[in-house]
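# Survey of secondary and tertiary structure
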Amino acid sequence: MKLSWKLFFITTPIFIIFLTVFGSWMIQGQFQNRLDQEMNQCMVENQMFQNSFELTWNSLSQEQKEQTSIRRLVDSFHRKSGRESSARVLDGEGAVLYQDGGTVITHDIIERMDDSHNMGYGIFQEAGKMYAVVVGRTSFDTYIETTKDISAVFDSRSDMYSTYQTGMLMLSVLVGCVIWLIMFFVMRNMQKLSGATRQFARGKYDVRVHIRSGDEIGMLADDFNWMANEMNLQMERLQDEVKRQEEFTAAFAHELKTPLTSIIGYADTIRQMELSPEETDMCADYIYRQGKRLQSLSYKLLEMTMAGKQEIAWKEIHVPSLLQEVKKTVETVFSEHQITLQAEAREGVIYGDRDLLGSLFINLADNARKASEPGQTVTLVGEPVSGGYLIRVSDNGKGIPKEELSRITEAFYMVDKSRSRKEGGAGLGLALCRKIIDLHQGGWQIESEPGRGTTVSVLFGTPAHAGRERRRSRRAKQRKENAG
């Protein structure tokens, strides 16, 4: 069953029940008020009858009492009163002394009366009619009984119930129609949302829901549109990631193909041909160099994989000593290519893994060397700045075109492919650098101009920020240990 019908069949009966209870309460209240008024009037009439009877009887002398009957006495004032109720006068034994011809109701009111109650009443049904009977006891032990037909009060209640039921039926139909219309308009927006969801599930990721409403359905539509936008972005990111993976696979296969082809070719030449010692040495040397290149490639890939998965061992690192270590590591290669490396750093510390950060700046310095010509200078400069510590790696080499800057951190991407391969590179250095900087919650910026050189600026956070990262890392490690 649809939600709209469920709501309809729930709300309509609830409305009818509440309407019935409220109407019954109102009708019963009016009936009870009118019945109380009638009973009060009956008791007043009985009391007036009793007072008139006692006054008249007490005004007679003993001789007049003996000569006057109860009927003549009562007729003298009762028939002139114009009252609607009938009356009877009974003695202490229950024998009828007077009766005006009205309806006689059998009751036990007199038996239920005692010395503390001189008046009793009750409502009785006789021949399909309702009667109010009031009995009062006089001071000389006679009983005055008045009986009044109050069927009109009960008939009025029945008429009100009948009228109310008819009105309630008509109102229920009207309200049911209104509720159904409301449900229709409300569920129409839900149907729009449901249809958009089905289209989205079929692959139409550009579908959106246009519902102008400030209620929960409007909020749900806004959430759906926000979700659709986010999923679109996620899909685009996944597509970009798939594209990068495909490009990575193609580039990796290409990087393997060239040295492996050379190795197989030269090895086959040595195996099948008679070569001179010089030719054999040349082939072996080429095989050795291509093998070293494959080894370097595998190490770089391993470093990239490990950098993306390992946890940072946060330690305080003295920046001047770190840059001096980097200089000592690469200065032999720089000297061989007649390129000068200058390393200067003002006092300061950064936090992180010393080995990873050393690999970061070795890669950046080596990239700067590859872009430089003999006689040029590469500089490593560190200085504290507002919000952290900044380290710059600068060269005056070839530079990088603007259109290439957005792709240089992609794996296997090389601006000058022939020069990089000649130097033994595979285009993995900057991709590894990006991962290391991300792991240290740092930021970097590459500024370059063709023919004028490149500057890579790396900014590390303040010690307070690093402390938060260390605490976060420890909590994550502890949660992982607890889960294990």
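Please read these numbers as outputs of a predicted model, since none were measured by experiment.

Let's shift gears to the overall build of the protein. A tally of helices and strands in the protein yields 13 helices and 12 strands. Put simply, the protein has 484 residues, and 35% of those count as buried.

This part is about the pairing of strand β4 (residues 129-137). Summarising burial for β4: eight of the nine residues are buried, a large majority. For strand β3 (residues 119-126) and β4, the ladder comprises eight bridges, and the chain directions are antiparallel. By the bridge assignment, Glu 126 is partnered in β4 with Lys 129. Following β3, the chain reverses through two residues before pairing antiparallel with β4; Ala 127 in that reversal takes a positive phi of roughly 55°. The sheet contact formed by β4 and strand β5 (residues 143-149) spans seven bridges and is antiparallel. Bridged to Gly 136 within β5 is Ile 144. Connecting β4 to the antiparallel partner β5 that follows it, the hairpin turn spans five residues, and Asp 141 within it adopts a positive phi of roughly 60°.

A few words now on the sheet that holds β4. Through backbone hydrogen bonds, the strands of a sheet pair up, either in parallel or in antiparallel fashion. Spatial ordering of the open sheet is given by β2-β1-β5-β4-β3, a layout of five strands whose pairing is antiparallel. Here the strands that pair on one side only, and so sit at the sheet edges, are β2 (96-99) and β3. Strand-to-strand twist across the sheet, computed as the mean angle between neighbouring axes with direction ignored, equals 20°. Both strand β1 (residues 86-90) and β5 contribute to a ladder of five bridges, which runs antiparallel.

Next up on the list: the pattern of salt bridges. Tallying each qualifying case throughout the model produces 10 salt bridges. The partner of Asp 268 in a salt bridge is Arg 271, and the shortest N-O contact between them spans 2.8 Å. With Asp 268 and Arg 271 both in helix α6 (residues 216-272), this residue pair falls three residues apart, about one helical turn. Relative accessible area serves as the criterion here: at 65%, Arg 271 is assigned to the exposed category. Here Lys 370 and Asp 366 are joined by a salt bridge, their closest N and O atoms 3.4 Å apart. Of this pair, Lys 370 and Asp 366 both sit in helix α9 (residues 354-371), four residues apart, roughly one helical turn. The exposure class assigned to Asp 366 is partly exposed, which follows from its relative accessible area of 22%.

The rules we used
Residues numbered from 1 in each chain as written. Predicted model: local features only at pLDDT ≥ 70, side-chain atom pairs only at ≥ 80, totals over all residues. Heavy atoms only, no water. Helix = DSSP H or I, 4+ residues; strand = E, 2+ residues; numbered from the N terminus. Buried < 20%, exposed > 50% of the residue type's maximum accessible area, 1.4 Å probe, protein only. Pairing = 2+ DSSP bridges. Axes fitted to C-alpha atoms, helices over the stretch in contact; angles between N-to-C directions. Salt bridge = Lys/Arg side-chain N within 4 Å of Asp/Glu carboxyl O.

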